[in-house]
Amino acid sequence: MSPIQTPKPAPTPSTATASSAVERPRSGPAALLGLLTAAGGPRYAAALLVDALGTGLLRPFLLLYGIGVLALDAGAAGLAMSAGMVAGLLVLPLTGRWIDLGARSLPAAATLLVRAAGSVTLLLADGVAGFTAAAVLLGVGSQSWPATHAAVVSTLTEGRTRDAALAAGRTLRNAGLGAGALLATLAVAGGTGALQLLAGVTAAACLLAAGLVHSLRVSAPPAEALQPSAATGVPTPAPDPALRRITLLSVANLPFAFTFDVLEVALPALLVLHLHASAAWSSGIFVGNTVLVIALQLAVVLRLGERSRHTVLAAGGIALTLSYLGFWAAGGLGGTAAAGAVAAVSVLYTFGEILYTGSGTALVAATAPPHLLGRALARWELSTGVGRALAPAALTALLAVGPGALWPVLAGTTLLSSVAVARLRPRG
């Protein structure tokens, strides 16, 4: 990995300009563009765009490809996709250790390269085995990307500029979710040929983005604070209080991770199955949530830049707790009034989501010792992935009992997590 760009390098004309431009960033399109290029410049911003579109394409496109092109049973395709997500979770700890060896841009490039390999495998697949192999590669690349991206940003930026750069990346990612889903919809209308063309384009885009990221040559000093074992003499990681605190934060993160599937699973089921409202209500709430997150994520992070990250994360949990209780109360109204009330409460839910996503990863990156950054980010992303994997089954099971079981349980667990986050704030 030579030449090596060290963390927070000494200012050159280009990096000095970027750093000064985002030291105290303002909201708006210009700030978004400046923050996207703050860590890695235009080449890395292009890779972020590819990731955002790929994320939006992945779930709807992959399932539709398996059913429409390979003529797989929906159950078999869904099982293959679940296997891909599980494989991605299993690889996350290894990704974290790789980062702690000093690698930064190389792991990020590798996630894109693995995703490109997954798209090529999809084109070559002719049955369940090939589709499963593609899903595993795509799952591994997708699950490891957030940790590797956060590591790159944390190496090239610091403090509140890092928080804002991470928020800018999430804003672009949310925009990509919508754009990718739209592209997948258009591809379906174009038939199997269009789906195959889209798989090829995705592979080429990921391959190009991997080359761009790798060309950055960003690295960091390898993990320090290793102590030789008394028994074997082999260096082992020294215990670190900050990493233990991050582990506890990651456990507290599990109920927070259910947040995303509340929007995608619980609310549509509540509206259609229990309130007998039109599916247009859930679609409208989803679109409104996406638009609000894109419009407000960066502005909220910048506005709360002087607040403790622990406080912001706990406040996000409180807002989500209140929104869950609001959904419970709104469901008791019945008819159109109930659907309208659910839509109104979803604004509070979206604000809680913005606070959560805007502070969680930033808190981990700010708390982690530099030599344990990879493991810290991997633990956080692992808890998010496990929570998201459990959420659909848990939410639908609770909702099958009734809204009176779902919303109080969600509110109670999220409130407990918020209290835990607040108590984990360093004292003194």
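Residues numbered from 1 in each chain as written. Predicted model: local features only at pLDDT ≥ 70, side-chain atom pairs only at ≥ 80, totals over all residues. Heavy atoms only, no water.

## Overview of the overall build of the protein
Scanning the protein for helices and strands turns up 15 helices and 2 strands. Taking all contacts inside the protein whose residues are at least 6 apart in sequence as the whole, residues at least 24 apart take part in 83%. Accessible surface, the protein as shown: approximately 18300 Å² in total, 70% of it carbon and sulfur. (Helix = DSSP H or I, 4+ residues; strand = E, 2+ residues; numbered from the N terminus. Contact = heavy atoms within 4.5 Å. Areas by Shrake-Rupley, 256 points an atom, 1.4 Å probe, with all protein chains shown as cover.)

## Considering helix H12 (residues 309–331)
Counted at 1.5 Å a residue, the expected span for H12 with its 23 residues is 33 Å, and the 33 Å between its end C-alpha atoms agrees. In this structure Ser-308 caps H12, since a side-chain oxygen of it lies 3.2 Å from the backbone nitrogen of His-310. (Expected span 1.5 Å × (residues − 1). Polar contact = N/O pair within 3.5 Å; in protein donor to acceptor, adjacent residues only side chain to side chain.)

## Quick look at the packing of helix H10 (residues 259–274) against helix H14 (residues 373–401)
Each pair of packed helices can be described by the angle between their axes along with the distance between the axes. It is at 9 Å that the axes of H10 and H14 come closest, and there the two elements cross at 20°. If you check the angle between H10 and H14, you find them roughly parallel. The element H10 and its partner H14 pack so that their crossing is right-handed. Packed against H10, whose contacting residues are Phe-260, Asp-261, Val-262, Glu-264, Val-265, Ala-266, Ala-269, Leu-270 and His-274, the element H14 presents Arg-388, Ala-391, Pro-392, Leu-395, Thr-396 and Leu-399 at the interface. A per-class count over the contact of H10 with H14 returns 10 nonpolar, 2 polar and 3 charged. (Axes fitted to C-alpha atoms, helices over the stretch in contact; angles between N-to-C directions. Parallel < 35°, antiparallel > 145°, perpendicular 65-115°, else oblique. Left-handed = near helix turned anticlockwise from the far one by under 90°. Nonpolar A, V, L, I, M, F, W, Y, C, P; charged D, E, K, R; others polar.)

## Let's talk about the side chain of Thr-414
Mapped onto the secondary structure, Thr-414 falls in helix H15 (residues 403–423). Residue classification places Thr-414 among the buried residues on the basis of a relative accessible area of 0%. Setting aside residues no more than four positions away along its own chain, Thr-414 makes contact with Pro-255, Gly-317, Leu-320, Thr-321 and Tyr-324. (Buried < 20%, exposed > 50% of the residue type's maximum accessible area, 1.4 Å probe, protein only.)

## A few points about a nonpolar patch on the surface
Taken together, the side chains of Ile-318, Leu-322, Leu-325, Trp-328, Leu-348, Phe-351, Leu-415 and Val-419 make up a nonpolar region of the molecular surface, amounting to roughly 660 Å² of accessible area. Among the secondary structure elements, those contributing two or more residues to the nonpolar patch are H12, helix H13 (335–367) and H15. When residues in the nonpolar patch are grouped by element, the largest group, 4 residues, is from H12. Looking at the element boundaries, Trp-328 is found in helix H12. (Patch = residues over 30% accessible without salt bridge, like charges linked within 9 Å, V, L, I, M, F, W, Y side chains within 5 Å. Salt bridge = Lys/Arg side-chain N within 4 Å of Asp/Glu carboxyl O.)

## Quick look at the pattern of salt bridges
Under the counting rule described, the total for this entry stands at 6 salt bridges. Notably, a salt bridge pairs Asp-100 with Arg-375, separated by 2.7 Å at the nearest N-O pair. Placement of Asp-100 in helix H4 (residues 74–100) and of Arg-375 in helix H14 is noted, with a sequence separation of 275 residues between them. Taken together, the shared-partner salt bridges in this structure form one network comprising Arg-160, Arg-162, Asp-163 and Arg-309.

## Some words on the packing of aromatic side chains
All told, the structure shown has 6 aromatic pairs when counted by the stated rule. A network of ring pairs unites the aromatic residues Tyr-324, Phe-327, Tyr-349 and Trp-407 as a single cluster. (Phe/Tyr/Trp six-rings, centres within 6.5 Å; stacked < 30°, edge-to-face > 60°.)

## A closer look at the side chain of Thr-111
Tracing the backbone through its elements, the reader meets Thr-111 in helix H5 (residues 105–124). Note on Thr-111: relative accessible area 5%, which makes it buried. Polar contacts involving the side chain of Thr-111 include one to the main-chain carbonyl oxygen of Ala-108, which spans 2.6 Å. With residues up to four places along the chain from it excluded, the contact list for Thr-111 reads Gly-141, Ser-144, Trp-145 and Thr-148.

## Overview of the nonpolar core
In this structure, Val-262, Leu-267, Tyr-324, Val-342 and Trp-407 are the most contacted members of the largest nonpolar core, which totals 58 residues. No other element matches H13, which puts 10 residues into this core. Setting aside anything within four residues of it in sequence, one finds Tyr-324 in contact with Thr-259, Val-262, Tyr-349, Trp-407, Leu-410, Ala-411 and Thr-414. Leu-112, Trp-145, Ala-209 and Val-213 belong to the second largest nonpolar core, which has 27 residues in total. (Core = buried A, V, L, I, M, F, W, Y, C linked by side-chain atoms within 4.5 Å.)

## With respect to the environment of Gly-127
Mapping Gly-127 onto the fold places it in the loop between H5 and helix H6 (128–156). Residue Gly-127 is classed as buried on the basis of its relative accessible area, which comes to 16%. For Gly-127 and Leu-70, which are 57 residues apart along the polypeptide, the C-alpha to C-alpha distance reads 6.4 Å. Not counting chain neighbours up to four residues away, the residues in contact with Gly-127 comprise Leu-70 and Leu-72.

## A closer look at H4
Relative to the 39 Å expected for 27 residues at 1.5 Å per residue, H4 spans 40 Å between its end C-alpha atoms, a close match to the ideal helical length. Along its length, H4 shows its largest kink, about 35°, at Leu-92, and proline Pro-93 lies within four residues downstream of that point. Turning to H4, its buried residues number three or more, namely Ala-77, Ala-80, Met-81, Gly-84, Ala-87, Gly-88, Leu-89, Leu-92, Thr-95, Gly-96, Ile-99 and Asp-100. Near the N-terminus of H4, the side chain that reaches the backbone nitrogen of Gly-75, with its oxygen 2.8 Å away, is that of Asp-73. Looking one or two places after H4, you find Gly-102, whose phi comes out positive at around 110°. (Bend = angle between axes of the 7 residues up to and from the residue.)

## Side note on the environment of Val-218
Topologically, Val-218 is positioned in the loop between helix H8 (192–214) and strand E1 (226–228). For Val-218 and Val-152, which are 66 residues apart along the polypeptide, the C-alpha to C-alpha distance reads 7.4 Å.

## Observations regarding the packing of helix H7 (residues 159–189) against helix H11 (residues 279–303)
Contact pair H7 / H11: the axes reach a minimum separation of 9 Å and the direction vectors enclose 175°. Judged on the interaxial angle alone, H11 and H7 are roughly antiparallel. Across the interface between the two elements, Asp-163, Ala-164, Ala-167, Ala-168, Arg-170, Thr-171, Asn-174 and Ala-175 from H7 touch Thr-290, Val-293, Ile-294, Gln-297, Leu-298, Val-301 and Leu-302 from H11. Residues of the contact of H7 with H11, tallied by class, amount to 9 nonpolar, 4 polar and 2 charged.

## A word on the confidence of the model for the protein
Confidence in the prediction for the protein averages 84 pLDDT; 87% of positions are at 70 or higher. In this model, residues 1–23 is a region of pLDDT below 50 whose contacts with residues beyond four sequence positions or in other chains number 32 contacts. (pLDDT = per-residue confidence, 0-100.)

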